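Structural description and commentary
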Amino acid sequence: MAFQRTLCCRGWIQHIGSPALEGNGSVSYSPPALSLAVLKVLLANKHKPWIEAEYQGIVMENDNTVLLNPPLFALDKDAPLRYAGEICGFRIHGSGVPFEAVILDKATGEGLIRAKEPVDCEAHKEHTFTIQAYDCGEGPDGANTKKSHKATVHVRVNDVNEFAPVFVEKLYRVAVTEGKLYDRILRVEAIDGDCSPQYSQICYYEILTPNIPFLIDNDGNIENTEKLQYSADRVYKFTVTAYDCGKKRASDDAEVEIQVKPTCKPSWQGWNKRIEYTPGAGSLALFPTIHLETCDEPLWNIQATVELQTNHVAKGCDRDNYSEKSLRKLCGAASGEIDLLPVPSPTANWTARLSVHYSQDSSLIYWFNGSQAAQVPVVNGLHGHEGLSDHFTLSVWMKHAVVPSKGRREEETVICSTVQSEDGYSHYSLAVHGCRISFLYWPLLESARPVKFLWKLEQVCDDEWHHYALNLEFPTVTLYVDGVSYDPALIHDNGLIHPPRPEPSLMIGACWAEEKNKEKNKGSENATDSVQGDALSIHHYFHGYLAGFTVRPGSLESREVIECLYACREGLDYSDFDSLGKGMKVHVNPSQSLLTLEGDDVETFNHAIQHVAYMNSLRFATPGVRPLRLTTAVKCFSEESCVSIPDVEGYVVVLQPDAPQILLSGNAHFVHPASDFEAPEGIPLFPNLQITCSISHQVEAKKDENWHGTVTDTRMSDEIVHNLDGCEISLVGDDLDPEREYLLLDGALLQQRGLELVNTSAYLTITGVESIAVYEEILRQVSYHINHGAALYERKFHLSCTEMNGRYSSNEFTVEVNVLHNMNRAAHPNHIMSSQQFVHHGHHLPAELSGHSLASTHNNPMVPSAATVIIVVCVGFLALMVILGILRIHSLHRRGVGQEVPGAAESGHTSTAGKESDMFWDDSALTIIVNPMESYQSCQERAAGAVEGRAGEAMEDDEDSTDSETPDSPDSSDMNDRHIIGKSDVSHRY
């Protein structure tokens, strides 16, 4: 009834059948089959499984079961119904999850998560994924299965101590200074491949080698337990091992090597005292491996100065080796400069009393001792020159030092001049005072006020050679020192200066004053004999050296020309500004002899100083030694313990450059008739001259196995393009006789090229810098001329050329000239045969003279006088041979006739003696062998031909007489043939 009520209440009573009365009085109900199926559906799997929202799990590397917190359980409200209340399994969501979930008990819903394969903590320490539970549905077929929500699972992989510690380095090396206790000498380090802090950390280190004065802490720091002594042990070697926190020892131990050094001395390390420089190498690093040892003293400022000493090389440094005049041409300087200190001569005698020295470039150097001066005469033409008053350039080499003296130093005058112009008189003077140089200029003595320009330069008083060039274009004044320009430091308006006497005057090495000051200079009267005039007294004498003092009136030298003329070609250089470290400063002085570095970091400073270089741009640098000095000053954080760095001294050796080889070649011997030499243009001495310049250098040959692997050095020659600065043609033997012979060269051609010519009876010289091609062109036009009727037969000339101001010379090329004279004009002995009798006009020169130049033969041949004597002797010898031959022929024939057999005439046969006589004649055919002189073969052939003809005529006459005496001789025809052969058997053998 309750069930019925329930059904009624749910509205389903109409679907149930009527009750039936049973036999026992009870009522039974029999619902239809469809109604029971609906009832089962309503009563099964109405709820979804339930699990926790999040799980935390742990799995060990050597296990596959995940321990979850909370445990994995799934609940279903349909329990305890079968299937609907049971949990059939768990499903994991996510790609590549190395775990799976299994159900342990369907009724209770207990599950388990486990790894599909071994997990690796070092690869993945944690894994995260989602899991979902599902029930068994409504029956064994799993129909109408319900799923729970998705829960998040975090699984952490616990590490296992599977890796041993490994040292970062197999060998540790360090150097320490003796006599110190260090808190830490070095630190060794080991690492562990495990992923957990417990097993990946190194808990402690251990020194395995016993009885050593070192300790190691848990961090790997090694310290010494006692002071180390260099004299006891210089090197300590021991073994160190490491343990991780799982007490697993390192697989391989590490070796430690500690070197004990002597007591540290702050200094520069890793430099060479001798530095070799090969000319043409460009820049060469002076200290490529240098480094500063500070002995662990902290520094906050380092300043180093590198000084290159080149004062002993020429005039202060290596410059172009050409002469001053040649260098001006190479640099494009205009002509017109006037030499104020020329070589003493009758026309320039104001330098005769000065002390003279010679520099390495052969230029004159004048010494002024503080009591000498040179006054240039007014007639010299320097005074009143147009444009000299306010537009000119002064140029001078000067070496000056401050002379220690008591009291105030006096001003020293270099040049003092008063010039007369159209507007009046102007005055200027150049003087030095200590380390100052001044230029006083007075535009007009009558009206304008004087202006004094001052410069303070170290070069003025360093006792070294420097070049000074002063350009005046009033009111602008520019001073160049060694090619570097300097503007005046001060300009004074000296209006209170008393004007000098208005008359032209020029003095070098001192200046004049009014007569009232004469008493002050009595001690210098003997030293100023060259100064004229009693109205002026001399003062402000210069003490030092002067050379190359010139003035160029009316125009100024350009900056480019001055730099080209006087700039140094060698010096210090810094080659790596791009990588200059932070805080570094580099300064190079104008002459490149001093380079300063400044910085605050030792490592950066070491890198910078390693790029300081020596440079020499000359192809043929002056060889020799250049002293080098490195001076260092440091500033420390602690002034009490601050270190000092000793100086470094070395030297640069500039090696001898490969000398250029200047080769002169051409035709060394030629012969011309006198008429060619007598022509107005003469005969060129060097018509096919060739000049080449090359450099030979060592090259390393390859190894040759056939020569036991030895390596030999060979030389290779490279032709270069270079200049010549002079050539000289000199004579071998006597000088030229100007009345009979001379050398010709067009002076206009040389003037166009800016070359100078000196033509004397002893030599001809061409000087000036020009290319080899130009010198070839000019020398090919040098000709030799002989006056008409001069009895000259041969001459020899030497040609040699130089470059680099005579530093390198060529070979001495010799040319021999032979003059051929007409026999009718020349004086010869009477017994000489006429040349027309033995010279063949069409004969060619022999092979021995094929390299010589011989003019075309004329109708009147000519021979050298030296050969004439030889020809005379040869002709006499030929005449003697002809006479002896004729006499011998007659003698033989007479002997043959006298020895004939009487019966032979009748029988038509000759006797045996007669035959032998005939054969004897045949065997002695006339053969003349002549070797008088190879150069004149044609003459000898004609002479031999003439003699041969005469001998043939004589033999024919004798032959006719013989034939008449023995007409029936059977060998007569054969003998005649042999006679003809004999006539042509005259040979000349060489």
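Residues numbered from 1 in each chain as written. Predicted model: local features only at pLDDT ≥ 70, side-chain atom pairs only at ≥ 80, totals over all residues. Heavy atoms only, no water.

By the naming in an unreviewed UniProt entry, the protein goes by Calsyntenin-3 and is assigned to Malurus cyaneus samueli. The UniProt entry for the protein carries the following text under Sequence similarities (unreviewed entry): "Belongs to the calsyntenin family." (UniProt positions renumbered as here; feature names shortened; annotations may be inferred.)

**Some thoughts on the overall build of the protein**
Within the protein, the secondary structure is distributed over 14 helices and 61 strands. Expressed as a percentage of the 990 residues in the protein, the buried residues total 42%. Partitioning the contacts of the protein with sequence separation of at least 6, the portion at a separation of at least 24 is 70%. Looking at the protein as shown, the accessible area adds up to about 52,600 Å², and 50% of this sits on carbon and sulfur atoms. (Helix = DSSP H or I, 4+ residues; strand = E, 2+ residues; numbered from the N terminus. Buried < 20%, exposed > 50% of the residue type's maximum accessible area, 1.4 Å probe, protein only. Contact = heavy atoms within 4.5 Å. Areas by Shrake-Rupley, 256 points an atom, 1.4 Å probe, with all protein chains shown as cover.)

**Description of the pattern of salt bridges**
Taken as a whole, this structure holds 15 salt bridges when the rule is applied. Between glutamate 411 and lysine 452 there is a salt bridge; the shortest N-O distance is 3.3 Å. In this pair, glutamate 411 sits in the loop between strand E28 (391-401) and strand E29 (412-420) while lysine 452 sits in strand E32 (residues 451-456), placing the two residues 41 residues apart along the sequence. Each member of the salt-bridge network shares a partner with another, and the members are Arg629, Asp647 and Glu649. (Salt bridge = Lys/Arg side-chain N within 4 Å of Asp/Glu carboxyl O.)

**Quick word on the sheet that holds strand E12 (residues 186-187)**
Read from one edge of the open sheet, three strands run E12-E16-E15, paired in antiparallel fashion. With one partner strand each, in any of the chains shown, E12 and strand E15 (214-216) form the two edges of the open sheet. In terms of strand pairing, E12 meets strand E16 (residues 221-224) through two bridges, oriented antiparallel. Bridge pairing links leucine 186 to isoleucine 222 in E16. (Pairing = 2+ DSSP bridges.)

**Description of the nonpolar core**
Counting 41 residues, the largest nonpolar core has Phe439, Trp455, Leu546 and Phe549 as its most contacted members. No other element matches the four residues that E28 contributes to this core. When near neighbours in sequence (up to four residues on either side) are disregarded, leucine 546 contacts Leu341, Ile365, Tyr366, Phe368, Val396, Trp397, Met398, Val414, Trp465 and Ile508. Grouped together as the second largest cluster of nonpolar side chains are 40 residues, Leu689, Leu731, Tyr784 and Val815 included. (Core = buried A, V, L, I, M, F, W, Y, C linked by side-chain atoms within 4.5 Å.)

**Brief notes about the sheet that holds strand E45 (residues 624-636)**
One open sheet accounts for six strands, arranged E20-E46-E45-E23-E43-E42; its pairing is mixed. Either end of the sheet is taken by a strand with one partner, and the two such strands are strand E20 (274-277) and strand E42 (585-588). Ignoring which end each strand starts from, the neighbouring axes of this sheet average 20° apart. Direction of pairing for strand E23 (residues 299-308) relative to E45: antiparallel, over a ladder of nine bridges. The residue bridging leucine 308 from the neighbouring strand is leucine 628, located in E45. Sheet contacts for helix H6 (residues 602-609): E23, strand E43 (594-599) and E45; angle to E23, the most-contacted strand, approximately 15°. (Axes fitted to C-alpha atoms, helices over the stretch in contact; angles between N-to-C directions.)

**Overview of a nonpolar patch on the surface**
A surface patch of nonpolar side chains, amounting to about 390 Å² of accessible area, comprises Leu880, Ile883, Leu884 and Leu887. Examined against the element boundaries, isoleucine 883 turns out to sit in helix H10 (residues 865-898). Judged by its relative accessible area of 49%, isoleucine 883 is partly exposed. (Patch = residues over 30% accessible without salt bridge, like charges linked within 9 Å, V, L, I, M, F, W, Y side chains within 5 Å.)

**A closer look at the packing of aromatic side chains**
Each aromatic ring pair is described using two quantities: the centre-to-centre distance and the angle formed by the ring planes. Enumeration according to the criterion identifies 19 aromatic pairs in this entry. Look at phenylalanine 677 and tyrosine 784: their rings are 5.7 Å apart centre to centre, the planes differ by 70°, and that puts the pair in the edge-to-face class. Taken as a pair, phenylalanine 677 in helix H7 (residues 674-677) and tyrosine 784 in strand E56 (residues 783-786) lie far apart in primary sequence, 107 residues in all. Across the pair, tyrosine 784 and phenylalanine 677 agree in class, each one buried. Note on phenylalanine 686 and phenylalanine 813: the rings are 6.3 Å apart at their centroids and 45° apart in plane angle, and the pair reads as tilted. Pair noted here: phenylalanine 686 is in the loop between strand E49 (683-684) and strand E50 (690-700) and phenylalanine 813 is in strand E59 (residues 813-822), with a separation of 127 residues, a long-range link. Put simply, the rings of Phe392, Tyr428, Phe439, Tyr441 and Phe474 pair up and form one aromatic cluster. Sitting over the face of the ring of tyrosine 134, arginine 91 holds its NZ or CZ atom 4.6 Å from the ring centroid. (Phe/Tyr/Trp six-rings, centres within 6.5 Å; stacked < 30°, edge-to-face > 60°. Lys NZ or Arg CZ within 6 Å of the ring centre and 35° of its normal.)

**Looking at the side chain of glutamine 132**
If you trace the backbone, glutamine 132 turns up in strand E8 (residues 126-135). Here the side chain of glutamine 132 touches histidine 93 through a polar contact of 3.1 Å, side chain to side chain. Within the structure, the side chain of glutamine 132 is placed 2.6 Å from the backbone oxygen of serine 148, a separation counted as a polar contact. (Polar contact = N/O pair within 3.5 Å; in protein donor to acceptor, adjacent residues only side chain to side chain.)

**Side note on H6**
Every buried residue of H6 is accounted for by Phe605, Asn606, Ala608 and Ile609. Relative to the axis of H6, the buried residues are bounded by an arc of 165° and lie together on one face. The N-terminus of H6 is capped by aspartate 601, whose side-chain oxygen sits 3.3 Å from the backbone nitrogen of glutamate 603. (Arc of directions from axis to C-beta.)

**Looking at the confidence of the model for the protein**
Per-residue confidence for the protein averages 75 on the pLDDT scale, and 73% of its residues sit at or above 70. Under a pLDDT of 50 for its full length, residues 1-34 has, in the predicted model, 20 contacts with residues more than four places off or in other chains. In this model residues 897-990 is a low-confidence stretch, pLDDT under 50, and it forms 108 contacts with partners more than four residues away in sequence or in other chains. (pLDDT = per-residue confidence, 0-100.)

**A closer look at a negative patch on the surface**
A surface patch of like charges, here negative, comprises Asp183, Asp217, Asp219 and Glu223. Residue placement: aspartate 183 occurs in the loop between strand E11 (171-177) and E12. Residue aspartate 183 is classed as exposed on the basis of its relative accessible area of 70%. (Lys, Arg positive; Asp, Glu negative; His and termini not counted. Charge placed at Lys NZ, Arg CZ, Asp CG, Glu CD.)

**Details of the environment of tyrosine 441**
Positionally, tyrosine 441 belongs in strand E31 (residues 436-442). Since its relative accessible area comes to 2%, tyrosine 441 is described here as buried. Distance in space between the C-alpha atoms of tyrosine 441 and valine 477 is 9.9 Å, their sequence separation being 36 residues.

**Here's the deal with the state of the cysteines**
Under the definition given, this model contains eight disulfides. A sulfur-sulfur separation of 1.5 Å characterises the disulfide bridge that pairs cysteine 121 with cysteine 195. On the S-S bond that ties cysteine 121 to cysteine 195, the torsion sits near 100°, and the link is right-handed. Placement of the pair is cysteine 121 in the loop between strand E7 (110-115) and E8 and cysteine 195 in the loop between strand E13 (190-191) and helix H3 (197-200), with a sequence separation of 74 residues. The exposure class assigned to cysteine 195 is buried, which follows from its relative accessible area of 10%. (Disulfide = S-S within 2.5 Å.)

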